[in-house]
Amino acid sequence: MTIHSTIEPAARAVNWNRLQDEKDLEIWNRLTSNFWLPEKVPLSNDIQSWATLTPDEQKLTIRVFTGLTLLDTIQNTVGAPTLMPDALTPHEEAVLTNIAFMEAVHARSYSSVFSTLCRTAEVDEAFRWSEENEHLQGKSRLILKEYRAASHPLKKKIASVFLESFLFYSGFYLPMHWSSRAKLTNTADLIRLIIRDEAVHGYYIGYKFQKSLAQLSESEQADIKDFAFSLLLDLYDLEVKYTEDLYDGIGLTEDVKHFLHYNANKALQNLGYEGLFPENICQVNPAIMASLSPNADENHDFFSGSGSSYVIGKAIATEDEDWDF
Amino acid sequence: MERLGLPAVRIPARASEPMPAAPGPFVLVTPTYADGEGRGAVHKQVIRFLNQESNRAQLKGVIASGNRNFGIYFAHAGAVIAAKCQCPCLYKFELAGTNNDIERVRKGLELFWQHQHSTNHRLQKA
């Protein structure tokens, strides 16, 4: 006689007061305190600036933002949800729901830019273009293949980190470029909020990747590393072509490529690997770096200065309840 | 820190582990954990370490890592500690640092310590 019943495990409620990994709470707090909506940014202040762009520059900008929208859409609807079954803790699943939702906010933000600055017909044309551009579709396919297949949990995480920390940057370059010329500066503020979020997403998923990787045998680790570098190179080939498609017209392709190399190395570092591209081809145009992190370079290299002219910071917000002196 | 190849003491990430004491004059190398408004930049364990007066007294400078994606708060822990402890923020770098960063920090620290020693020497004479 057989007993015809399947014993299902009890449903478990997430208890944030019992953590298996403190990183989950730390990232939850970071992400929730960074929460924002596009309504926070006064995009309409860019209307006059938008009018100073040539028709080709406007078309390029709309296409770049449409490409970014596609990546955010993938990450919102497929990427972050597909990582949930592999979560090591219930708290990690909760963090992933936050990541998924913020990707939806990012995708939604580009439409706010469009409705503020552009004509509907131009935007519709760009969405059609995004479905037809072979390089944009190619990189989406490569990523979705890893998300959809019964892929190794670590390969999904690699694809996710590459999307968040590498593939966005051919697009992010343009608003940083406009901002360095004092154009579309409010739009750039919105993009900086997205860039900040992606840094936390890439860091967290990379952290979980490294934690699981450490459990594998040396030969399994070597296989995963080979996979990561070969996927990066495949994506890079497509990124270069996509970049040429978009930026050859305004002569910025080489500049953008340096930005791609720089960010590809950062994506690899999020996974715990060394950079792939040598530093001489990762030197990003200083105007773009300044646009990315305004003021960040002030007094940041004491060593290369005279050695006595450093400035000790002042008026910095510190949490005095923690410091007891 | 391994790539830098200089003598170092690690501040443990967990509060449950024993906190080391500064063995002498030192430069602090620290990550940054700031949110979008720069809050929470310095790790709690680093604060715990610096709250110890005898450790703080030996702090000669700070080097901070971070991510430029955080805009003006890139490697913000360096600025916070420099202001709080009245020491210079010597260098900022991204994530694990590039080979260039490592080389600059190694050479920079060498010069920095030479300068420190000669200053001390002059002070002792005076």
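None of the values given here were measured: they were computed from a predicted structure.

Turning our eyes to something else, we now look at the packing of helix α3 (residues 55–83) of chain A against helix α7 (residues 153–167) of chain A. All names here are of chain A. α7 packs onto α3 with a crossing angle of 150° between their chain directions and a minimal axis gap of 10 Å. Classified by the angle between their axes, α3 and α7 sit roughly antiparallel to one another. As for how α3 packs across α7, the hand of that crossing is left-handed. On α7, the residues that touch L71, I74, Q75, T82 and L83 of α3 are K156, K157, S160, L163, E164 and L167.

Let us look at the UniProt feature "binding site: Fe cation 1" (unreviewed entry) in chain A. All names here are of chain A. Under the present numbering, the feature "binding site: Fe cation 1" (unreviewed entry) in UniProt falls on D72, E103 and H106. Separation in sequence by 35 residues is not matched in space for these annotated residues, since their most distant C-alpha atoms are only 6.5 Å apart. As for its placement among the helices and strands, E103 is situated in helix α4 (residues 90–117). Within the secondary structure, H106 is located in helix α4. Judged by its relative accessible area of 0%, H106 is buried. Not counting residues up to four positions away in its chain, the partners in contact with H106 are W36, D72, I194, D197, E198 and H201.

Okay, the side chain of A:E198 next. All names here are of chain A. Summarising the element assignment, E198 is placed in helix α9 (residues 185–213). Look at E198: it is buried, it has no salt bridge, and the nearest opposite charge is R196 at 11 Å. Each residue touching E198, except ones within four places of it in the same chain, is listed here: D72, E103, H106, E164, F168 and F172.

Another aspect to go through is the interface of chain B and chain A. Listed as interface residues are 48 residues of chain B and, on the opposing side, 43 residues of chain A. With both sides pooled, the region where chain B packs onto chain A buries about 3900 Å², and carbon together with sulfur makes up 55% of that total. Viewed at the interface, chain A and chain B are joined by one salt bridge. We note a salt bridge from A:K266 to B:E94, for which the minimum N-O separation is 2.6 Å. The interface formed by chain B and chain A includes 15 residue pairs in polar contact (both at pLDDT 80 or more). Secondary structure elements with two or more residues in the side of chain B that touches chain A: α1 (44–51), α3 (76–85), β3 (89–94) and α4 (99–125) of chain B. When residues of the side of chain B that touches chain A are assigned to their parent elements, the largest contribution, eight residues, is made by α3(B). Taken together, the residues of the side of chain B that touches chain A sort by class into 25 nonpolar, 13 polar and 10 charged.

What follows concerns the packing of α7(A) against helix α11 (residues 253–270) of chain A. All names here are of chain A. Contact geometry for α7 and α11: axes closest at 8 Å, N-to-C directions at 145°. Once α7 is placed against α11, the crossing between them reads as right-handed. Taken together, the residues of α11 that come into contact with α7 (itself represented by V161, F162, S165 and F166) are L260, N263, A264, A267, L268 and N270. Looking at side-chain class alone, the contact of α7 with α11 contains seven nonpolar, three polar and no charged residues.

The subject of this paragraph is the side chain of B:H43. Turning to its location among the elements, B:H43 is positioned in the loop between β1 (26–30) and α1. Side-chain polar atoms of B:H43 contact the backbone nitrogen of B:Q45, separated by 3.0 Å.

Next up on the list: a nonpolar patch on the surface. All names here are of chain A. Together, F35, L37 and F101 make up an exposed nonpolar region whose accessible area comes to about 280 Å². Considering the arrangement of structural elements, one finds L37 in the loop between α1 (22–33) and α2 (47–51). Exposure remark for L37: the relative accessible area of 38% places this residue in the partly exposed category.

In this section: the pattern of salt bridges. As enumerated under the stated definition, the model contains 19 salt bridges over all chains in all. A salt bridge links A:K208 to A:D24, with the shortest nitrogen-to-oxygen separation between them at 2.9 Å. Linking A:K208 in helix α9 with A:D24 in helix α1, this pair joins segments that are 184 residues apart in sequence. The same class applies to A:K208 as to A:D24, namely buried. B:E103 is the salt-bridge partner of B:R106, the closest N and O atoms lying 3.1 Å from each other. One end of the pair is B:R106 and the other is B:E103, both in helix α4 and three residues apart, which spans about a single turn. Salt bridges sharing partners connect three or more residues here, namely A:D21, A:D24, A:E92, A:K208 and A:K211.

Parameters and conventions
Residues numbered from 1 in each chain as written. Chains lettered and ligands numbered in written order. Predicted model: local features only at pLDDT ≥ 70, side-chain atom pairs only at ≥ 80, totals over all residues. Heavy atoms only, no water. Axes fitted to C-alpha atoms, helices over the stretch in contact; angles between N-to-C directions. Helix = DSSP H or I, 4+ residues; strand = E, 2+ residues; numbered from the N terminus. Parallel < 35°, antiparallel > 145°, perpendicular 65-115°, else oblique. Left-handed = near helix turned anticlockwise from the far one by under 90°. Contact = heavy atoms within 4.5 Å. UniProt positions renumbered as here; feature names shortened; annotations may be inferred. Buried < 20%, exposed > 50% of the residue type's maximum accessible area, 1.4 Å probe, protein only. Lys, Arg positive; Asp, Glu negative; His and termini not counted. Salt bridge = Lys/Arg side-chain N within 4 Å of Asp/Glu carboxyl O. Buried area = accessible area lost by both parts, 1.4 Å probe. Polar contact = N/O pair within 3.5 Å; in protein donor to acceptor, adjacent residues only side chain to side chain. Nonpolar A, V, L, I, M, F, W, Y, C, P; charged D, E, K, R; others polar. Patch = residues over 30% accessible without salt bridge, like charges linked within 9 Å, V, L, I, M, F, W, Y side chains within 5 Å. Areas by Shrake-Rupley, 256 points an atom, 1.4 Å probe, with all protein chains shown as cover.

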